[in-house]
Structures are given as structure tokens and as C-alpha cells.
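Observations on the three-dimensional arrangement
Each chain is listed here by its residues.
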Amino acid sequence: MQSDSNFFDEMYQDTDAPRAPYQRYHDWITAEDAAGLRRKSSEAETFFRRTGITFNVYGDDEAAERLIPFDMVPRIISPHEWTRLAKGIEQRVRAINAFLHDIYHRQEILRAGRIPVELVAQNEAFLPKMIGVSPPGGVYTHIVGVDLVRTGADEFFVLEDNARTPSGVSYMLENRETMLQMFPELFSLNKVVSVSNYPQDLRRSLAASAPSDCDGEPVVAVLTPGIHNSAYFEHSFLADQMGVELAEGHDLRIVDGRIAMRTTRGYTPIDVLYRRVDDDFLDPLNFNPESMLGVPGIMDVYRAGKITLANAPGTGICDDKAIYSYMPDIVEFYTGEKALLNNVPTWRCSEPESLAYVREHLSELVVKEVHGSGGYGMLVGPAASKKELAAFSAKLASNPSNYIAQPTLALSTVPILTRQGLAPRHVDLRPFVLVSPQGIRITPGGLTRVALKKGSLVVNSSQGGGTKDTWVLEA
Amino acid sequence: MLGKTAGGLFWMFRRLERTENTARLVDAGVRIALTRSSAGPDDWKSIVTAAGVGDAFETRHGQQYEASTVVDFLLRDPANPSSVRSSIEMARTNARLVRTALTREVWEATNECWMTLDKALSDPVRERDLPSILGTIRQQSALVRGALHGTMLRNDIYDFARIGTFLERGDSTARILNVKYYVLLPSVSFVGSSLDNVQWETILRSVSAHRAYRWLNGADFNPKGIADFLILDRRMPRSLAFCAAKIADNLGYLADDYGLRHPCHDMAEAMRNCLRGHTIDSIMEDGLHEFIETFIRDNNALGSEVERNYRFNG
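Residues numbered from 1 in each chain as written. Chains lettered and ligands numbered in written order. Predicted model: local features only at pLDDT ≥ 70, side-chain atom pairs only at ≥ 80, totals over all residues. Heavy atoms only, no water.

**Overview of the interface of chain B and chain A**
Contact with chain B, which involves 27 residues of that partner, is made by 26 residues of chain A. Across the chain B/chain A interface, buried area totals approximately 2,500 Å², and carbon plus sulfur atoms make up 47% of it. Of all residues in chain B, B:Leu2, B:Arg96 and B:Thr100 bury the most surface against chain A, accounting for 28% of the area lost on that side. Between chain B and chain A we count three salt bridges in total. Put simply, A:Glu248 and B:Lys4 hold a salt bridge, and the shortest N to O gap is 3.6 Å. Linking chain B with chain A are ten residue pairs in polar contact (both at pLDDT 80 or more). Counting only elements with at least two residues in the side of chain B that touches chain A, the list comes to helix H1 (3–35), helix H5 (84–97), helix H6 (104–120) and helix H12 (240–258) of chain B. By residue number, the principal contributor to the side of chain B that touches chain A is H6(B), which donates six residues. The class makeup of the residues in the side of chain B that touches chain A is ten nonpolar, eight polar and nine charged. (Contact = heavy atoms within 4.5 Å. Buried area = accessible area lost by both parts, 1.4 Å probe. Salt bridge = Lys/Arg side-chain N within 4 Å of Asp/Glu carboxyl O. Polar contact = N/O pair within 3.5 Å; in protein donor to acceptor, adjacent residues only side chain to side chain. Helix = DSSP H or I, 4+ residues; strand = E, 2+ residues; numbered from the N terminus. Nonpolar A, V, L, I, M, F, W, Y, C, P; charged D, E, K, R; others polar.)

**Some details on the nonpolar core**
Membership of the largest hydrophobic core comes to 97 residues, with the highest contact counts inside it found for B:Ile231 and B:Leu251. With 59 residues, the next largest nonpolar core counts A:Val73, A:Val222, A:Val427 and A:Trp471 among its residues. (Core = buried A, V, L, I, M, F, W, Y, C linked by side-chain atoms within 4.5 Å. Buried < 20%, exposed > 50% of the residue type's maximum accessible area, 1.4 Å probe, protein only.)

**Overview of the domain arrangement of chain A**
Residue and element names in this part refer to chain A. We note that the domain assignment places domain 1 (20–341 + 409–472) and domain 2 (345–407) within chain A. Spacing between the C-alpha centres of domain 1 and domain 2 amounts to 27 Å. In this complex, domain 1 contributes 18 residues to the contact, which on the side of domain 2 involves 17 residues. Note on domain 1 versus domain 2: buried area summed over both sides is about 1,400 Å², and carbon and sulfur give 51% of it. In terms of surface lost to domain 2, no three residues of domain 1 exceed Lys321, Ser325 and Leu409, which account for 32% of the buried area on that side. (Domains from an automatic or database assignment.)

**Focus on the sheet that holds strand E16 (residues 347–348) of chain A**
Residue and element names in this part refer to chain A. Strands sit in the order E16-E19-E17-E18 across an open sheet of four strands; the sheet is antiparallel. Only two strands of the sheet have a single neighbouring strand rather than two, namely E16 and strand E18 (379–380). With five bridges connecting them, strand E17 (residues 365–369) and strand E19 (residues 403–407) associate as antiparallel partners. Residue pairing across strands places Val366 opposite Gln406, the latter belonging to E19. (Pairing = 2+ DSSP bridges.)

**Side note on the packing of helix H2 (residues 34–51) of chain A against helix H6 (residues 169–182) of chain A**
Residues and elements named next belong to chain A. Between H2 and H6, the shortest axis-to-axis distance is 11 Å and the interhelical angle comes to 130 degrees. When the axes of H2 and H6 are compared, the pair comes out oblique. Where H2 crosses over H6, the handedness of that crossing is right-handed. Within the contact between the two elements, H2 uses Lys40, Ala44, Phe47 and Phe48 and H6 uses Glu174, Asn175, Thr178, Gln181 and Met182. Considering only residue class, the contact of H2 with H6 consists of four nonpolar, three polar and two charged. (Axes fitted to C-alpha atoms, helices over the stretch in contact; angles between N-to-C directions. Parallel < 35°, antiparallel > 145°, perpendicular 65-115°, else oblique. Left-handed = near helix turned anticlockwise from the far one by under 90°.)

**Some words on the pattern of salt bridges**
As a working rule, side chains carrying opposite charge can pair if their charged atoms are close by. Within this structure, the stated rule accounts for 48 salt bridges over all chains. Residue A:Lys338 is joined to A:Glu332 by a salt bridge in which the shortest nitrogen-to-oxygen separation is 3.3 Å. Residue classification places A:Glu332 among the partly exposed residues on the basis of a relative accessible area of 32%. When the shortest N-O distance is used, the salt bridge between B:Arg60 and B:Asp77 registers 2.4 Å. Placement of B:Arg60 in helix H3 (residues 54–61) and of B:Asp77 in the loop between helix H4 (67–75) and H5 is noted, with a sequence separation of 17 residues between them.

**Considerations on H2(A)**
For H2(A), with 18 residues, the first-to-last C-alpha span of 26 Å sits near the 26 Å given by 1.5 Å per residue. Buried within H2(A) are the following residues: A:Gly36, A:Leu37, A:Ala44, A:Phe47, A:Phe48 and A:Thr51. An end-on view of H2(A) places all buried positions within 125 degrees of arc, on one side of the element. Considering only its buried residues, H2(A) is in contact with helix H1 (23–31), strand E4 (65–67), strand E5 (70–77), H6 and strand E20 (413–418) of chain A together with H6 of chain B. Sitting at the head of H2(A), A:Asp33 places a side-chain oxygen 3.3 Å from the backbone nitrogen of A:Ala35. Immediately downstream of H2(A), the backbone of A:Gly52 shows phi near 80 degrees, a positive value. (Expected span 1.5 Å × (residues − 1). Arc of directions from axis to C-beta.)

**A word on the side chain of A:Ser205**
Tracing the backbone through its elements, the reader meets A:Ser205 in helix H8 (residues 198–208). The contacts of A:Ser205, once residues within four sequence positions are left out, are A:Leu434, A:Val435 and A:Ser436.

**Things to note about the packing of H8(A) against helix H9 (residues 232–242) of chain A**
Residue and element names in this part refer to chain A. Contact geometry of H8 with H9 gives a least axis separation of 8 Å together with a crossing angle of 80 degrees. Judged by the angle between their axes, H8 and H9 are roughly perpendicular. Taking contact as the criterion, the partners of Tyr198, Pro199, Leu202, Arg203 and Leu206 in H8 are, on H9, Leu238, Gln241 and Met242. The residue inventory of the contact of H8 with H9, partitioned by class, reads six nonpolar, one polar and one charged.

**Some thoughts on the environment of A:Gln438**
Turning to its location among the elements, A:Gln438 is positioned in the loop between strand E22 (432–436) and strand E23 (439–442). Along the sequence, A:Gln438 and A:Ala208 sit 230 residues apart, while their C-alpha atoms lie 7.2 Å from each other.

**As for the packing of aromatic side chains**
When we look at a pair of aromatic rings, we describe it by the centre distance and by the angle of the planes. What the rule picks out here adds up to 23 aromatic pairs over all chains. Each ring, one from A:Tyr104 and one from A:Tyr140, has its centre 6.3 Å from the other, and the planes form 15 degrees; the classification is stacked. With A:Tyr104 in the loop between helix H3 (79–103) and helix H4 (108–111) and A:Tyr140 in the loop between helix H5 (117–121) and strand E6 (143–150), this pair connects stretches of sequence that are 36 residues apart. On the accessibility criterion, A:Tyr104 (0% relative accessible area) is buried. Its relative accessible area of 0% is what places A:Tyr140 among the buried residues. Here the aromatic residues B:Phe10, B:Trp11, B:Phe160, B:Tyr258, B:Tyr310 and B:Phe312 are joined through ring pairs into a cluster of three or more. A cation over a ring is seen here: A:Arg253 above A:Tyr267, with NZ or CZ 4.5 Å from the ring centre. The ring of A:Tyr326 carries A:Arg348 above its face, with NZ or CZ at 3.6 Å from the centroid. (Phe/Tyr/Trp six-rings, centres within 6.5 Å; stacked < 30°, edge-to-face > 60°. Lys NZ or Arg CZ within 6 Å of the ring centre and 35° of its normal.)

Shown next, in the form of C-alpha cells:
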């Protein structure tokens, strides 16, 4: 394989010397013929296209449905690596829920001076309407994605938290299905922990979070903005796999103080709504009055405790990158333990000394908008031209608190299959976490995103990234 | 089931049915053109009218009822909401909307049908490619139907799919009869002429029934026989009586399943009984044209009533 010794490659220690978890895969792929593998790779694309596993890219021509490229070389995680990661993730997610409960109730962490008051109070993602509201079962984020990157054998970092609406789990599931269909033999050679229970786990987890006065089997539904949403495939996929209805705002209304869906037999009340509509669009009476996607008055029903919304409104504040920079303190504050997972060192541009440092070292840093997601509006210093750097520096100066900066990490690589054979590309990992009053459940592995362009560090699907199947090996 | 989902299924299958019906009309048009030296704009005009898109056509092309213009309009034109390309696109959009109600097989067949036809119809169709493209349309829609029959539960999902199919089909057959009813009238003076034979054959081909008719009636093509076959014959899967009976059946299953009757059930039964209660002679006597127009009106009203009773839109 071509290699670049500046980066930690997860598969190869040296050229052609695989690390332990990849040993069997290495033996297998070395024995396979290259043309046959490439043929398989194009079969996979046909499969995805026919199944309609597509996403829409914002800003593209309307209705343009794209495939997220799938690379057939799996990313393999050893059992002990996973055990360690899972512990850290669980601790972090526990802290996130405690933090959310706190900032919408007594705000102890602000009183203790561990986080600046204005960072919460003036945060766009902080929802004053949630103050004093206690969600059923005390759970705020039922579904969380914690984005991890790796820089060395034992060096993992959390890159960001997705406590609002993490997406991508359908790709995790379809990637595994595709691998099982294309290479069944690989799964006899390697004992890979299954991920296929995710939809049932999700349904159980949502049902367990139903309002306490719900008797009988809770009615669960998924709320989607509709077929033009970039993640519509995932919404319908999850509703289908869970065996629940997929509703849009106009299918729902308030009947006798509860949210009910219009069915062919009349209105049926819903106990738990897995909503994939953002806070701002959820309720035109309480939030954005222009929204056509939400349900008028749903927030009042929610505050009355008559429905569970997953995730709770106002959880997006944890996705904020300035809040992220305090996460080690947040973990410590609520769990009394040191954070098991490291944060990437982060400069808050709202602080004058940090801003000065960042502007001086712009060409070495990655700068992100605090509310940004999907890789939009970010600067990768080492890859930017002089002109881009100057322009960004001016943007920074005019609105410093909108940005944070991080060192450019030497992200680990995993090989992808190219025309020239295996070639290393940078990856990250999004494990998916389910939270219910009964506990926290982490699906082994998650979604590996891979930058397909040589040298690129941007793995987002909206920016030309692809995905890989992610294996956690059985202990 | 969500009312929206029921509506999505209903329209998905109406649109799939329309995809096929439009292709069948083009096929019939092409056959007349091939078998008849005098085929001209009038024949193409009646094809466009039977497809129910006369106004849309004339807005776009005026009176240019030329073969290539009509074929392109019926197969490819995005401005024609009933063109094969528009229809399959809308069928597929509805399928995405109701994906949770479909088996993987039905969804994939529909998605593949759309991908294949969208590609096949992305450029103007050359005359010599026409037969193979019409064949592809037939084949792809048959795959969707096969997946539906082979993999779907016989529950309310299936009922709404079927009701959509047969409302569309009944409407289509009735419109073909409505355009051509005059050639079926016994009083027309040139009965038995060769011109007539072509007209009758066109009608039968438009509903893919020329061979079935021959099986049942030998070579005896006569207007009354054809009218009887297309209106009242309950063995013929595109006849008005067949469609009305199927709609009443599927609505009946829904009423049993839900334990609830709606006005649409009475309407559907009235339509079925009306077709059962007539002979072709009594229809001819009371006026063929009026009979067909009443059917089209009742069929449309039934569609709207189903939509209301099962809360497709609110």
C-alpha cells in the first residue's frame, strides 16, 4: 500500500505489516483479484442506487439525489479499544443529560462559575421555553452521536457532540447489509459484533421514555420535514424498520390535549415522537411562526407532559462548539470524574488573547463556526490560499465569538480501494448512543466517514466524503 | 395507517396505471400509422383526446397533430402531467412518500422502473427505437405489479393500491370509449367498411384487448360486440364492469377491516350494480354516449369521496 508515515494508519503498521485486528482481512484482500474487487465496488453502487439510499444536497438542483460513496474496505476496531471508547462515551452522554437538566433548572454550573453565564443565556440554541420543563423520564437526548477522531494508537479525541439530531445511522445499517451481501465469507473469517438490532433498540428506548401516565404499549411515530429533506431516506428507513408511522407536520394536530395523527380511521394519539424537525420549525405558535413543518401548539402539549419529544427541544446547545470547549469541565462537574475522552484543544475566539493567537497562526489551524455543522463555513488553514486566509481573518475580527479554532489534527487513516490499489485516507467515527430512563446503550462501532480525496481532512458527506462499514470484533 | 399514506398509495398506483395506459395509447397510434396509408392528424388527435390531455397539447402545439409531436408529448413532455415520464416520476415520488408501507421489493421495482424510464426517455425517441421503448415501459410496470402481487400483505395498504389502480383504469377505458363511441353506434352508415375495422381495432388495441376479443368472438368484429366487451364483460380486466366490481370489492374489504362504512361504499356498490343491471342493448337504447359520460362522472366523484372518507388530505 502507498503510505504516509506522518499519519497513524489503522490497518498497517508499516507497508504490508497489518495491525492485529486487520490481520485476517489483510490475508483475505491480498489473495483477492483486483479487478474482481473493483467490480464488486460498482455492484455496491448499483445496489445503493436501486435501494434509493440517497441524500439531497442543500444548494444543489432541486430533487438532485446523490449517493454517499461507499468504500468496501471495513474499518476494524479491536474489542479492548471499543470497551475503552464506550466507557468514555457513556460518561460524556451522562454528563450531557445532566448539563441539559441543570441549565434548564437551577443552573448550578453557571452559579459555580464553571461556564460563563452569557455563553448559555445568549446562546441561540438555548431555549428559554424549556426552563423548568422536566422531560418524561428525565431524558433530554434520547439519540446522541459523539464524533471521534484518532491520531495514534491510544489517542482518541472527541471532535464534536451531536445532541440535537444526529444523522447517519441508516448508513451504518445499510453499509453492514451491503457488506454481508457482497462478502459473506469475511464474516465467517472475522467475528464481527452485529449492529442489526439498532431499530428495535431505538423503538424500545423511545417507548421506555413515554410519559409516565401512558398505559399500554406506547404509540411511537417519526416526524419528518418531508421528502425534500436531505435525510428523508433515513427518516423513512427508521420508521419502516421500527414499524411505526412516518408523519409530517400536517398529519398531526392536537385532539383532547394530546398530539394525534390523522389516520384512515380517525385521529390516534401519539405518546412518543422521534422528531427530525429542528426546534425552530417544531411549533409555529411557540417558535418560528412561518414554519409549515411543525405542529401548532405541540410545545404546550409537551410542557403539559402529554407527549415525549426525542430529542427534547433545546438540546442543540450541546452541539455548540464554544460549549464543546467546556465539555471536560462539564463532565467533571456532573460526574465527579475526570473526562475519559479527550477534547481537541480549542481556542475560543471570543477571548481576546485567543483571538490574537488564532489570527497569527491561521494557516496552521482549523477554524469553525460555533453553530456550524456539516463542514459548512469552516476554514482548514493548511489547505487555504493566502487570499482565503486574509478574508477569513477579517471575518474573524468582525465577529470573534462566532468562531473557535483547533490545531490541524493528524487524523488517522484507513485504506480505501482505488484504481491503484489500497491507499490511505483520513477517517472519523460517529458512534450512536441511545438513552432512556432504563439506561444508555451504545451500538458497537458506528458510522465511519472517510475523506475520499487524497490528503483531505474533510469527511462530511456534503463535502465529498464517503462511508465505510465499521467492525467491532468480538472479544 | 396515516390518511396521507393511504392517499400516497392511491396516487402511486393511479400514476403507475396511467404510465401504462399512456404507453398503450401510443402503441395503438403507432399501429394505425403503420397499417394504414391514410392515417393522419385525426387519428393522432383522438389518441391525445383519449389520453385526456387535449387542452394541454393544444396549449403547447396548437393543431400540430403530427406523429412525432404527439408521441413526444405523450411519452416525454414534462409539461404534460400525464406523459409517461411525468407519470412514472409522480408514481415514484408517491412511493418515496409511502415507502414505509411498501415491501422492499415493491419499492425497488418502482425505483428501478423510474430510473430505467427516466433514462430511456431523456432524449427524443427515434422512430425505430419506439417499439423497444414501449416494450420497456410495459415490462418495467409489469415488474412493479408482480412485486405488488407477490410480496404485499392483503391488508388496507393493498386495498388502497388496488382502488387507485381500478379508478384510473376505469376512467381510461371510459375515455377511450367516449372518444370513439360514434364508431360503435349501429346507425353509422359505413358499417362494415374497412375504415371501420381499423377504428375498432384501434379501440381494442388501446386497451390491449384485440387478441382477447378474438378468442371470445372469433373474427366477428362488430360494434355491439366490442361495446359489450369493453363495458360489461366481467372477464375482461379493463372493462368498466370489471373495474367497478374490483373497486367495490376492495372498498368492501376496507369496510370489514375497519368495521366502518362510508358514503363511498354505497356509491361503489351503486356503480357495480348499475353495470350488472344493464345489457348492451339497453345501454345502446338509452344512449351509449350518455352512459359513458355518466360513468366518467360517477367514477370521478367516487374517487373524491374515497379521498374524503379516508382522510387523505385532512
